[in-house]
Each structure stands twice: as structure tokens, then as C-alpha cells.
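Tertiary structure, described
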Amino acid sequence: MTPPAGLLIVLLVVIVSQRVSELRLARRNLDWALAQGGRLVEEPHYFLFFVLHTGWLLAWPIEAWLRGPELGGLWWLWLVGFVLTEVLRYWAIASLGKRWNTKIVVLDGEARIETGPYRFISHPNYLAVALELICVPMIFGAWITALVCTVLNAALLLGLRIPAEVAAVREASEGRHD
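Now for a quick tour of the structure. Note that the coordinates shown come from a computational prediction; the quantities given were computed from them, not determined experimentally.

With that settled, consider the overall build of the protein chain. What the protein chain contains, in helices and strands, is 5 helices and 2 strands. Starting at the N terminus and ending at the C terminus, the protein chain contains elements arranged as α-β-α-α-β-α-α. What you see for the protein chain is a C-alpha radius of gyration of 18 Å, in line with the 16 Å of a compact globule of 178 residues. Along the first, second and third principal axes, the C-alpha atoms of the protein chain reach 55 × 25 × 25 Å. Residues classed as buried in the protein chain amount to 39% of the 178 residues present. When contacts within the protein chain are restricted to residue pairs at least 6 apart in sequence, those whose partners lie at least 24 apart make up 83%. Of the side-chain charges in the protein chain, 15 are positive and 15 negative, and the distance between the mean point of each set is 4 Å.

This part is about the packing of helix α4 (residues 124-139) against helix α5 (residues 143-174). One can describe the packing of α4 onto α5 by two numbers: an axis separation of 8 Å at closest approach and a directional angle of 170°. On the basis of the axis angle, α4 is roughly antiparallel to α5. Mapping the contact onto sequence places Tyr126, Ala130, Leu133, Ile134, Pro137 and Met138 in α4 and Trp143, Thr145, Ala146, Cys149, Thr150, Asn153, Leu157, Arg161, Ile162 and Glu165 in α5. In the contact of α4 with α5, the residues fall into 11 nonpolar, 3 polar and 2 charged.

Quick look at the pattern of salt bridges now. Enumeration according to the criterion identifies 11 salt bridges in this entry. With a closest N to O distance of 2.2 Å, Arg19 and Glu132 form a salt bridge. In this pair, Arg19 is assigned in helix α1 (residues 3-35) and Glu132 in helix α4, connecting sequence segments 113 residues apart. Residue class for Glu132 comes out buried when judged on its relative accessible area of 0%. With a closest N to O distance of 3.4 Å, Glu86 and Arg89 form a salt bridge.

What follows concerns the side chain of Thr145. Examined against the element boundaries, Thr145 turns out to sit in helix α5. There is a polar contact of 2.5 Å between the side chain of Thr145 and the side chain of Glu63. For Thr145, the contacting residues outside a window of four places in its chain are Trp56, Ala59, Trp60, Glu63, Pro137 and Thr150.

This part takes up unusual backbone geometry. Not every positive phi belongs to a glycine, and Leu74 is a case in point at roughly 55°. Structurally, Leu74 is set in the loop between α2 (46-67) and α3 (75-96). Leu74 gets classed as exposed once you look at its relative accessible area, which sits at 52%.

So, how was this worked out
Residues numbered from 1 in each chain as written. Predicted model: local features only at pLDDT ≥ 70, side-chain atom pairs only at ≥ 80, totals over all residues. Heavy atoms only, no water. Helix = DSSP H or I, 4+ residues; strand = E, 2+ residues; numbered from the N terminus. Rg over C-alpha atoms; globule rule 2.2 N^0.38 Å. Buried < 20%, exposed > 50% of the residue type's maximum accessible area, 1.4 Å probe, protein only. Contact = heavy atoms within 4.5 Å. Lys, Arg positive; Asp, Glu negative; His and termini not counted. Charge placed at Lys NZ, Arg CZ, Asp CG, Glu CD. Axes fitted to C-alpha atoms, helices over the stretch in contact; angles between N-to-C directions. Parallel < 35°, antiparallel > 145°, perpendicular 65-115°, else oblique. Nonpolar A, V, L, I, M, F, W, Y, C, P; charged D, E, K, R; others polar. Salt bridge = Lys/Arg side-chain N within 4 Å of Asp/Glu carboxyl O. Polar contact = N/O pair within 3.5 Å; in protein donor to acceptor, adjacent residues only side chain to side chain.

These values are about where atoms sit, not about what they do.
Below you can see the structure in the form of C-alpha cells.
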């Protein structure tokens, strides 16, 4: 196995392991939030994120493998970007604590989290994921996956997810429950 192929396999195993553990954490946090009186906001678009991220997890290794696999130009810079992105992601997750989730859950009466990276940006986890969607494929020169998945992710976040979150928080603060 060549070093690029080994790195591809290691990154794939690490990322899949992260996602599985994050889904388990999200489930535990959802159970906790619901037990605290939290409300799960209906998200008809949620499955689109699941499809996108699963597609990304399949696409970048396939595109990389079809290309060689070879390390892309400036691969080390993309790898450093990935590592920094993971630091931001887990800082955001840790800052939210039990309130972190992959779904929109509203806890009425709870103050907005404004610690950690949330002091500087409203959606640091989304920024980290967006950067991850670019960095990982580019380590292997899989620019098609990086481009397509980044554009789709931005459309889903900006067009559906963030507006749904903002509306849910606004409704909760106004005391309206639909």
C-alpha cells in the first residue's frame, strides 16, 4: 500500500468513527434535551444532510482512488486545515455540551450559548464542517467532490437549516410553539 493510500484509509476510518460517535452523542443529547422539556423542531430537510454527508464520505475516497490515489498539490496544507477544522468542530461541540445536536432542539427559557467559538461566530460547527468538506478531498486532489459537496452544503445550510434554526429560536423566545 502506498503512503497516499494508507493516509486515505486512515482518514476515512477516523472520519467514519467520528461520525458514528457523534450520532450516538447526538442521540444521548436529544434524549436529555427532551427529558428537560426540549422540543424537537420538525425538519423535513434533515435527510438531505444525511444524504449529502454520506455521499461525501463515499465520493472523496472514490474520486481519490480513481486519481491514483495521489496526494494533491499542497496536500500538507489541506491536512493542517483539516486538523484545525477538527479543533474548531470539537471546541464548538464541547461549548454546547449536552445542547449540541444534529437536529434542531429548542429548550425554552435557556440562554443562548455565547462561550467558546460562539463568542466570535454564530455557527462555528457549520463553518468547521464546510471547511472539512473542502479540506479532506483536497488532500488527495479530489476537487470535484470538494466543489460539489461544498456548494450543496452551503445551499442546504443557508437556504434551509440556518433559517429553520433562527425561526425556531425566535418562536421560542416569543413563546410561540407550533
